[in-house]
Each structure stands twice: as C-alpha cells, then as structure tokens.
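Results of the structural survey
Take a look at the letters that make up each chain.
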Amino acid sequence: MAFDVQKIRTDFPILHRTVNGYPLVYLDNAATSQKPQVVIDSIVDYYSKHNANIHRGVHSLSQEATDAYEAARKKIQEHFNIKHSHEVIFTSGATHSINLVANGFSSILKQGDEVIVSALEHHSNIVPWQMLCERTGAILKVIPMSEEGVLLLSEYESLLSKKTKLVFVNHISNALGTINPIETIIKKAHTVGAAVLIDGAQSCSHIKPDLQQLDADFYVTSAHKMCGPTGVGILYGKEQWLNKLPPYQGGGEMIKEVTFEKTTYAALPHKFEAGTPNIAGGIAFGAAIDYLNSIGFEAIGVYEKELLDYATQELLKIEGLKIYGTGVEKTSVISFNIEGIHPYDIGTIVDKLGIAVRTGHHCAQPIMDFYEIPGTVRASFAFYNTKEEVDSLVAAVKKARLMLT
Ligand SMILES: *Cc1c(COP(=O)(O)O)cnc(C)c1O
C-alpha cells in the first residue's frame, strides 16, 4: 500500500488553517504532535455520551467509562508488548512518570550510591534525579557525547560499577534527534545490577518499542507527542520494581483500606493512580495508538527518513548553515543555526510566513552548553508533513538569512 500523505493530511483538521495569511507549515512535532479527527472525536464522544467517574459507581455510566478507560490501558499494553496490564500506570505524562520513579527511589538509594544520566537529556530526565541525589546523597554521573551528538559508549562502560543503582537515558533526543543505543545501554547496566529508565517521550511517535524484548525496567512516554491529547501518559515498570517502590501520591483510588491508625494500599496499577485521572485523555490515547497503527510504524519510519534526508540536503545548501546532531542513527529532527544569526530571529521571521519551528534550548541546556550556543532552530517532521513543506521552510530560512545578514 502506497503511503498517501495527502490522504493522511485530511485526517488532521488543524493542517488546513492559515497562519499570518499563509498555509500552516507545522514543524514543531518534537514539542507536540497534531491530533487527527478520530482522537478529537473520541474526547467529544466520551464527554457527550459516557462521562462518569470510574472504578467506583455501580451505575451503568460509571461502568461504561471504566470499561473504556481499562480498554485503553489494555490497548497500550498490547501496543508496547507489555507483559501485564497492571504494569501500565496512567500518569499525566513523561515528566510525571519520571518524578514518580525518582521519588520512589528516595527510599532505596543510600549515600554514595551512583546514578547515571546522559549528556543528551531533556530537563525532565535530569532535574528529578538531581532532586533525588540531594535527598539521598547519591552521586550523579554523566555519559558524555561526541561532537556529532552521539553518546560515548566506552565512557559509559567506564562509569558503570557495583555502586551504580540506576541509569536513565532517553530513547531519542528531542533536541538533536539522535537515536540512542538503548539495547546496549540496558544490557550493560544489568551486568552490574543497575535498573534502567528509558525516557520514550520523543520516540513513540516514530517507532514502536517492544518493551519485553528491550528489557528496560521503566519506560515512560506522553500521549501528546503521539497524536494523543495533552495531560496523559504512562509509566511502564516491571512488576517487581513497581511493587518495590512506595506510592507517590496519597488519596482516593490508591488505597485498599483507610483508618486513622493505618492505611493499606491498593494493588497495581491503582497504587500509583491516586485521585480521578484524565479519563477522556486515557481513552483518547488509546484512539491515537489505533490511529498510528492504522498507518503503520514501518511506513511512518520510511517516509520520515525520506523527509529527513531531503530536508537535510536542502538546508545544507544554505550558506553558513550548520546542523547539530549528525549521528547516523537519527530521527526526523533537524537542529540548526546560521552563522552570525540568533535562532530566535530566524524563528520569528519564518513564523511570519506561516511556518512553526522551535527556537531556544529545547529543554536541554546542557546540550547547548556543549556546543557553546544559546540555542538552535529546530524543525521536527511528522508523517503528515510533505516535501513541499520542506521547500517552504528552506525558502523561508533563505529569506530570513538575507534579511538578517
Ligand atoms: C517532551 C519530552 C519530555 C517531556 O514530556 P512531557 O510530556 O512534557 O512530560 C521528556 N523527554 C523528552 C525526550 C521529550 O521529548
């Protein structure tokens, strides 16, 4: 079946609007993806027909809402090839998921234990661990990267020891697009008995990870980067780890029995799901996963690679343009600067032409420090972008360059 991008674009109502009088060219997919009509419909349908609180009522609406929410959990379990559905914890997103794990490790880590992060991380996968280190006296070590934006695995190996308790690395860098060799990172960590958390917020719109095969101890992602709504995501954790971690928040839903003397906690997954969750969001996350699978991750991967190669080739024709993140294994993210021009100025001019790109540090200041730059312009492509949109970007950047030099 041929990949029909024009047909796919009809699924996304927002792609037909204009911005500043020009057709919208949305190239900020690494920040959040756009939503297809089926996802929007699923939210409207839930609030129009089934809205009730879940897991509590015996009444029919509550049952319907509970069934739909739990069906979404099941769908996520199948999509990621997770062994048990109770290993899927609904959260408000990747950031929430990481904080949940970091908080749990407060009661496990001791002074002098070591944890390892990579140089390529989003602030979400740095700051919660620094807070954990402050609380416990554990030491944070960093896997360095090369000029190409690729992690140095030999350096990683030399950081690992019996003291290493935890390694946390992203699957794909949101700032540069580098795909990290997480299979190797996980295997090596396990040889010293360390647990591994993979931040999949940037990867799950591009690839479909098999979590049992990967053997990560934790994997987190957000729905909104994979065509789903904001405010919902998951924490996957191996059952034995989730059982070991204490609850994160107390409240309704997460308890078995409450008295003023003692409270006992609910079984997984509810132990980590205090309070009324984003029910519509969870259900719509399921709809987004169905939608992505209806297109197919193989087709998405092939098409996005074409876009990446074409955009890289065309952008590099612009005088003074430098791309950051030039590893062989990379996804459809291009971070660049033009000599002598501030990224913010380029972003502002191309926006006037209807083109949405990101400018700044992309929540990854250590990467910008490494390159000694204030930030980059980042164009990130999804399967609903086109070569014509790449052409529009290139023309707009050329125009910006002429105006600014
Ligand atoms: C977007 C992103 C996050 C944060 O996700 P939220 O949805 O904002 O919680 C973390 N890590 C990476 C790599 C990301 O791309």
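In this report, the structure presented in the accompanying data block is examined.

Cut-offs and rules
Residues numbered from 1 in each chain as written. Predicted model: local features only at pLDDT ≥ 70, side-chain atom pairs only at ≥ 80, totals over all residues. Heavy atoms only, no water. Near = heavy atom within 4 Å. Polar contact = N/O pair within 3.5 Å; in protein donor to acceptor, adjacent residues only side chain to side chain. Areas by Shrake-Rupley, 256 points an atom, 1.4 Å probe, with all protein chains shown as cover. Nonpolar A, V, L, I, M, F, W, Y, C, P; charged D, E, K, R; others polar. Helix = DSSP H or I, 4+ residues; strand = E, 2+ residues; numbered from the N terminus. Contact = heavy atoms within 4.5 Å. Expected span 1.5 Å × (residues − 1). Buried < 20%, exposed > 50% of the residue type's maximum accessible area, 1.4 Å probe, protein only. Arc of directions from axis to C-beta.

1. Digging into the site of the ligand
Taken together, Ala 94, Thr 95, His 122, Ser 124, Ile 172, Asn 174, Asp 199, Ala 201, Gln 202, Ser 222, His 224 and Lys 225 make up the full set of residues adjacent to the ligand. Measuring from an oxygen atom of the ligand, one finds a side-chain N or O atom of Ser 222 at 2.6 Å. With respect to the ligand, the side chain of His 224 contributes an N or O atom lying 2.7 Å from an oxygen atom. For the ligand, the protein covers 87% of the area, taking 390 Å² as the surface of the free molecule. A per-class count over the shell around the ligand returns 3 nonpolar, 7 polar and 2 charged.

2. Regarding the environment of Leu 245
The residue Leu 245 is located in the loop between α9 (239–244) and β11 (255–258) in this model. For Leu 245 and Asn 99, which are 146 residues apart along the polypeptide, the C-alpha to C-alpha distance reads 12 Å. Leave out the neighbours within four places in its chain, and Leu 245 touches Val 101, Gly 104, Phe 105, Ile 108, Phe 218, Lys 271 and Phe 272.

3. Observations regarding helix α2 (residues 37–50)
Compared with the 20 Å implied by 1.5 Å per residue over 14 residues, the 19 Å span of α2 between its first and last C-alpha is a close match. Listing the buried residues of α2 in full gives Val 39, Ser 42 and Tyr 46. One side of α2 holds all its buried residues, which, seen down the axis, span an arc of 50 degrees. In α2, those exposed residues whose orientation departs by more than 90 degrees from the buried face are Tyr 47, Ser 48 and Lys 49. Its buried side turned inward, α2 meets α3 (60–79) and α10 (279–295).

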